[in-house]
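What follows is the residue order along each chain.
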Amino acid sequence: MSTDVSTTSAATGVDDPRVAELVARMTLEEKLAQLVGLWEGRGGSGEGGDVAPMQDAMQADESGFEEYARHGLGHLTRPFGTAPIDPVEGARALAVKQRWLTEHTRLGIPALVHEECLTGLAAWKATTFPAPLSWGASFHPELVEEMGAAIGRSMAALGVHQGLAPVLDVVRDARWGRVEECISEDPYLVGTVATAYVRGVQSTGVGATLKHFVGYSNSRAGRNLAPVHAGPREVTDVLLPPFEMAVLDGGADSVMNSYAEIDGLPVAADAGLLTGLLRERWGFAGTVVSDYFAVAFLHTLHGVAADLGDAAAQALVAGIDVELPTGTAYLAPLAALVRSGELPEEVVDRAVYRVLAQKARLGLLDAVFDETAVDDVIDLDPAGHRALATRLAEESVVLLGNDGVLPLDPGTGSRIAVVGPNADDTSALFGCYSFANHVLAQHPGTELGLDVSSVLGALRAELTGANIEYARGCDVDTADTTGLAVAVAAAREAELCVAVVGDRAGLFGRGTSGEGCDAESLDLPGVQRQLVEALLDTGTPVVLVLLTGRPYAVGWALDRCAAVVQAFFPGQEGAAAIAGVLSGRVNPSGRLPVSLPRSVGAQPYSYLHPKLGGASSVSNIDTEPVRPFGHGLSYTAFEHADLRVVAEQVATDSAIQVVSRVTNTGDRAGTEIVQLYATDVVATVTRPVVQLLGYARVHLDAGESAEVTFDVPTQRLAFSDRRMVRVVEPGTIELFVGTDCETPVLTGAVELTGPVHEVSSADRRLVEVTISRA
């Protein structure tokens, strides 16, 4: 085990003299205390199940707060996100703990407080925003940045300093339960949207944590925490770019390791990734925190460490600074190794420098805590947050198919049957990491604390002139068909049927989507397909609404339903957004951030496949999706014209300028997502048949036009060559502007000239987009 470390400011990112002074004064116990968390009041004790993997088995047997923190404390783990805590009472209790740390520990260093914040702050009564797949569907990073800032303000109001989001895992297999936590199957869309989220959160003085670094989403067979066998080229060219963008362009304050073992090497012990790439090549100067229990897993799950001390030493040397959620490995086991001389104390010092530097950046070393100064009212669900949740929900709904039945006329006296297990269930709007499904589901009888309408309620409010009848029909995930007859009867008597089906988010098998809820099939769970087909057999037009955390194989529904609407866990305002799309109050503008699969047999699948990854005459499995990445319909029409490549030849280390015009040719305002794609015609290694270069969200009034200019750094075309060096090669690049990744509308080409350009972190990564209205 190499232990060649440096605690200079260049190596640690620390130049605050107070940090060096504090480290010089610390005992070993005080140093180690800064490298661990404390998780009080945690779930998973018989009250409905764990909220972290193998929580009961891995949790340390801890004494009370004061005894545990007598030498100080690095992190307080989820004081608001583990049980329903009143915001004001929780903030005051937290201030009491922080004041105790400043007054009763020798050095008086406060703890850093972290919480989950993937769909909003995961705390009782906090706004629940759409899940990340909806962020991707919006193609609107600026709005995601506004949402991130709103979430950061809520955390700051409670005294929380670090949020465990966003997730930058690139979707590789729709079967994986955590697809709902991801943004897209396209690395650039993931990177731009996630970087915007980071900027938003950190604009409020709260640190964002990138996860899961790296490879977690590429697990075998889509199974959670399964081995990852991705080649170094796939890791470098597909899985790492979003993290690079969020570190270098977003300035992310923290990174969390992936649970994955990539080709046999667990990331938690991989110094090449955690130090060589992240710190030495990218210059990351923040903290690396372990995913919960990941350090201990080196011993108990991966079998690469003989005991907890060995696991702690491997993780610390590799570059994990903080063990979360507790100190199972980084306290007594690590102390024994240092005292025996098996591990140099300088390795501990390096991590302590980074932790204290982060606390200094966040203002903790100067903070004063007074529980009496906490406001009497802390509103975690203000009107402004709900407005943002509404906008993002509306912009993320994807209209997959429509034979003209939509939009509906809200004023008619039509008879509408609303059926399905998700029609009158507000939890169906929320993802796995929402407080409602992650925590509150384990506290039956506790009110949600938010004003949330179901789709049924929203439709009744939206379609005021309609006569709406409701029947549940079936459950999300059981085989019970006893309710089908009532639902079919309601549909038969109606002029239109709205069927609301999909997922139920949960944890570790307690749902059909979410962490540990992986899918053996991509058919709708339970008997939901049977329900929808029975409704279709009545002859009544069926509008299918999918409330899901992953894309399902619903080609059969697209063939038979009058319309199909997809929403990826759209949050507390999602029901009204869906109702608005059905009524036409909202013109749908969402686009698929993931391909809609033809079958489970096509998995794993990505539109970023080489020629051999597509449909082939030498295989009986058709991999072509039923709706491609980028697809989405509107209630107006758009015309694309006048594609112009500014320079037909550009240097390999330069930029490509592409200009096109888009016009709203319909009779109502709408939003088009202008998508620019490229194909590298000949390269030294196989390349995707097409890749997204850039995109622009353009809102146009009826008859309005806009000119869209993409300034694309050639780095967007980089890949790892046969030497495993990231390069841009000379050659022909075919370009197209299209409505999705499979539908070119305007085409062009550019020739990259000059020598092979070796890409570095200094190269520009982001496409600059200019929209000029006529």
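So, a few notes on the structure that sits alongside this text. (Residues numbered from 1 in each chain as written. Predicted model: local features only at pLDDT ≥ 70, side-chain atom pairs only at ≥ 80, totals over all residues. Heavy atoms only, no water.)

**Describing the environment of Leu 496**
Mapped onto the elements of the fold, Leu 496 is located in strand 13 (residues 496–502). Setting aside anything within four residues of it in sequence, one finds Leu 496 in contact with Val 405, Leu 408, Arg 415, Ile 416, Ala 417, Thr 540, Pro 541 and Val 543. (Helix = DSSP H or I, 4+ residues; strand = E, 2+ residues; numbered from the N terminus. Contact = heavy atoms within 4.5 Å.)

**Side note on helix 19 (residues 455–462)**
Residues three or four positions apart in an α-helix share a direction because the helix packs 3.6 residues into each turn. Three or more residues of helix 19 are buried, namely Val 455, Leu 456, Ala 458, Leu 459 and Glu 462. Viewed end-on, helix 19 has its buried residues packed into an arc of 165°, placing them on one side of the element. Against the buried residues of helix 19 lie strand 11 (415–419), strand 12 (467–471), strand 13, strand 14 (542–548) and helix 23 (574–583). (Buried < 20%, exposed > 50% of the residue type's maximum accessible area, 1.4 Å probe, protein only. Arc of directions from axis to C-beta.)

**Some details on the packing of aromatic side chains**
Taken as a whole, this structure holds 15 aromatic pairs when the rule is applied. Pairing Phe 65 with Trp 100 gives two aromatic rings, centres 5.6 Å apart and planes at 65°, and the pair type is edge-to-face. In this pair, Phe 65 is assigned in helix 5 (residues 65–68) and Trp 100 in helix 6 (residues 87–104), connecting sequence segments 35 residues apart. Residues Phe 65 and Trp 100 agree in their burial class; the two are buried. Through a chain of ring-to-ring contacts, three or more aromatic side chains come together here, namely Phe 139, Tyr 188, Tyr 607, Phe 629, Tyr 677, Tyr 695 and Phe 736. Taking the ring centre of Phe 65 as reference, the NZ or CZ of Lys 97 above it sits at 5.7 Å. The ring of Tyr 433 is capped by Lys 211, whose NZ or CZ atom sits 5.3 Å from the centre of that ring. (Phe/Tyr/Trp six-rings, centres within 6.5 Å; stacked < 30°, edge-to-face > 60°. Lys NZ or Arg CZ within 6 Å of the ring centre and 35° of its normal.)

**Observations regarding the layout of surface pockets**
Counted as a void, the largest pocket has a volume near 870 Å³. For the largest pocket, the lining is made up of 39 residues, of which Arg 172, Glu 234, Val 238, Leu 608 and Pro 688 are closest to its centre. Considering every element that reaches the lining of the largest pocket, the biggest residue donor is helix 10 (residues 232–239), with four residues. For the second largest pocket, the calculated volume is near 560 Å³. If you go around the second largest pocket, you meet 25 residues; those closest to its centre are Thr 236, Leu 240, Leu 277, Arg 281 and Arg 726. When contributions to the lining of the second largest pocket are tallied by element, the ones reaching two or more residues are helix 10, helix 11 (241–248) and helix 12 (271–281). (1 Å grid on protein atoms, 1.4 Å probe; cavity = no way out; pocket = protein on both sides within 12 Å on 5 of 7 lines; lining within 4 Å. Points joined across faces, edges and corners; volume = space filled by probe spheres on them.)

**Digging into the sheet that holds strand 10 (residues 398–402)**
With mixed pairing, the six strands of this open sheet are ordered in space as 10-15-14-13-11-12. Looking at strand neighbours, the two that pair on one side only are strand 10 and strand 12, the edges of this open sheet. Pairs of neighbouring strands in the sheet enclose a mean axial angle of 15°, with direction left out of account. Of the pairings in the sheet, the one linking strand 11 to strand 13 comprises four bridges and is parallel in character. Residue pairing across strands places Ile 416 opposite Leu 496, the latter belonging to strand 13. Relative to strand 12, helix 19 is tilted by about 170°, and along the sheet it contacts strand 11, strand 12, strand 13 and strand 14. (Pairing = 2+ DSSP bridges. Axes fitted to C-alpha atoms, helices over the stretch in contact; angles between N-to-C directions.)

**A word on the packing of helix 8 (residues 141–158) against helix 17 (residues 383–396)**
One way to put it is that helix 8 packs onto helix 17 with a least axis distance of 10 Å and a crossing angle of 150°. The orientation of helix 8 with respect to helix 17, classified from their angle, is roughly antiparallel. For the element pair helix 8 and helix 17, the recorded crossing hand is left-handed. Contacts between helix 8 and helix 17 involve Leu 143, Glu 146, Met 147, Ala 150, Arg 153 and Ser 154 from the former and His 385, Leu 388, Arg 391, Leu 392 and Glu 395 from the latter. (Parallel < 35°, antiparallel > 145°, perpendicular 65-115°, else oblique. Left-handed = near helix turned anticlockwise from the far one by under 90°.)

**Quick look at the nonpolar core**
Phe 213, Tyr 330 and Leu 535 are the most contacted members of the largest nonpolar core, which totals 211 residues. The element that contributes the greatest number of residues to this core is helix 9 (residues 187–202), accounting for eight residues. Beyond its immediate stretch of four places on either side in the chain, Tyr 330 contacts Leu 32, Leu 35, Val 36, Val 295, Ala 312, Ala 315, Leu 316, Ile 320, Asp 321, Val 322 and Glu 323. Counting 38 residues, the second largest nonpolar core, distinct from the first, contains Ala 393, Phe 430, Leu 456 and Ala 575. (Core = buried A, V, L, I, M, F, W, Y, C linked by side-chain atoms within 4.5 Å.)

**So, the pattern of salt bridges**
For the structure shown, the criterion picks out 39 salt bridges. Put simply, Glu 116 and Lys 211 hold a salt bridge, and the shortest N to O gap is 3.0 Å. On the criterion of sequence distance, the pair formed by Glu 116 in strand 3 (residues 112–116) and Lys 211 in strand 5 (residues 207–213) is long-range, its members being 95 residues apart. No difference in accessibility class separates Glu 116 from Lys 211, as the two residues are buried. A salt bridge links Arg 723 to Asp 721; the shortest N-O distance between them is 2.7 Å. (Salt bridge = Lys/Arg side-chain N within 4 Å of Asp/Glu carboxyl O.)

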